[in-house]
Amino acid sequence: MLEELDNLINFIQIEYNDFTNKWEQSSYFSKINLKDTLICDVLQNKILLDAIINYREFINENNIQLLMDFKQFNTNEFKVNIRTKAKNSIEYKIKNYIENHEDGKVPINKCFNDLFGIRIICKNTLTHNEILNLVNNKYTGLKCINSSKLNYKATHIYFKKNNFSFQWELQIWNKVDEISNINSHEKYKQDYVRWEIENKGGRK
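This text gives an overview of the structure that appears in the document. Source: prediction; values computed, not measured.

1. A short note on unusual backbone geometry
- Despite not being glycine, Asp 103 shows a phi value in the positive range, around 55 degrees.
- Checked against the element boundaries, Asp 103 lands in the loop between α4 (87-100) and α5 (108-111).
- Its identity as a non-glycine residue notwithstanding, Leu 150 has a phi of 55 degrees, on the positive side.
- Here Leu 150 lies in the loop between β3 (143-146) and β4 (155-159).
- For Leu 150, a relative accessible area of 72% puts it in the exposed group.

2. Things to note about the pattern of salt bridges
- Here the structure, examined in full by the defined rule, presents 10 salt bridges.
- Here Asp 114 ties to Arg 83 by a salt bridge, and the two come within 3.6 Å at their closest N and O atoms. Of this pair, Asp 114 sits in the loop between α5 and β2 (116-122) while Arg 83 sits in strand β1 (residues 78-84), placing them 31 residues apart in sequence.
- Between Lys 85 and Asp 114 there is a salt bridge, with its nearest N and O atoms 3.5 Å apart. You can see Lys 85 sitting in the loop between β1 and α4 and its partner Asp 114 sitting in the loop between α5 and β2, a full 29 residues away along the chain.
- What makes Asp 114 buried here is its relative accessible area of 9%.

3. As for the packing of helix α1 (residues 2-24) against helix α2 (residues 46-61)
- Between α1 and α2, the shortest axis-to-axis distance is 11 Å and the interhelical angle comes to 120 degrees. Viewed along their axes, α1 and α2 adopt a mutual orientation that is oblique. When the axes of α1 and α2 are compared, the crossing they make is right-handed. Residue-level inspection shows Phe 19, Lys 22 and Trp 23 of α1 in contact with α2, the latter providing Ala 51, Asn 54, Tyr 55, Phe 58 and Ile 59.
- Across the contact of α1 with α2, the residue classes tally to six nonpolar, one polar and one charged.

Parameters at a glance
- Residues numbered from 1 in each chain as written.
- Predicted model: local features only at pLDDT ≥ 70, side-chain atom pairs only at ≥ 80, totals over all residues.
- Heavy atoms only, no water.
- Helix = DSSP H or I, 4+ residues; strand = E, 2+ residues; numbered from the N terminus.
- Buried < 20%, exposed > 50% of the residue type's maximum accessible area, 1.4 Å probe, protein only.
- Salt bridge = Lys/Arg side-chain N within 4 Å of Asp/Glu carboxyl O.
- Axes fitted to C-alpha atoms, helices over the stretch in contact; angles between N-to-C directions.
- Parallel < 35°, antiparallel > 145°, perpendicular 65-115°, else oblique.
- Left-handed = near helix turned anticlockwise from the far one by under 90°.
- Contact = heavy atoms within 4.5 Å.
- Nonpolar A, V, L, I, M, F, W, Y, C, P; charged D, E, K, R; others polar.

Written as C-alpha cells, this is what we have:
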C-alpha cells in the first residue's frame with residue numbers, strides 16, 4: 001500500500017512541477033509573493049483576486065488532461081479523484097478568513113493551499129505516522145500534516161515550488177473514515193450554502 005502511495009506522490013510532484021512551469025509561462029500568470037501577501041490585501045487590490053481566479057481558470061482549461069493523467073491510479077486498493085475549488089467557494093473562504101482568522105492577516109498561500117486537490121481513499125488503513133515517515137525519508141520540500149479534527153480523519157500533503165506558486169493538496173483518507181469525512185465536509189458545505197443564500201440569493 002505504501003509503495004502505491006509513494007508512486008502517486010512521486011507522480012503528483014512531477015505533474016505539479018510541469019503544470020506550474022506551464023502556468024508561469026502563460027498569459028494568466030502574475031508574479032506575486034503569495035507568502036508575503038495577505039488575504040486582507042485582496043480587498044484592496046483587485047490584481048490579487050484576479051491572480052487566484054486566473055489560476056483556477058488555468059486549471060479548468062487543463063482539467064480533462066489532469067483527469068486522464070490521474071485516472072491510472074484508480075485500482076482495487078485506491079480510489080483517486082481530483083477537484084478544483086469553485087469560484088464562489090473562493091469568495092466565501094476570503095470572507096471567512098477576514099472575519100474569523102486574524103482579520104485576514106494570513107498569507108494567501110496558507111489560505112489557498114487547495115485550489116487544486118487530489119484525494120486518495122485507501123482500502124487498507126494507513127496511519128499518519130506511516131505516511132509521514134515515507135515523506136520524510138524519500139522527499140524534500142513536501143509538507144505532511146495530520147489534518148484530523150473531530151470526525152474528520154486524514155493526512156494532507158502539500159506540494160509547493162516556491163513562494164510565487166500556488167500549492168496543490170493531496171488528501172489521504174482511509175476507507176473506514178470515508179463516511180464520517182464526507183459528513184464533515186457536508187457540515188462545511190451547509191455553512192457555505194447558507195452564506196450563498198444570504199449574500200447572493202442562492203445564485204450559483
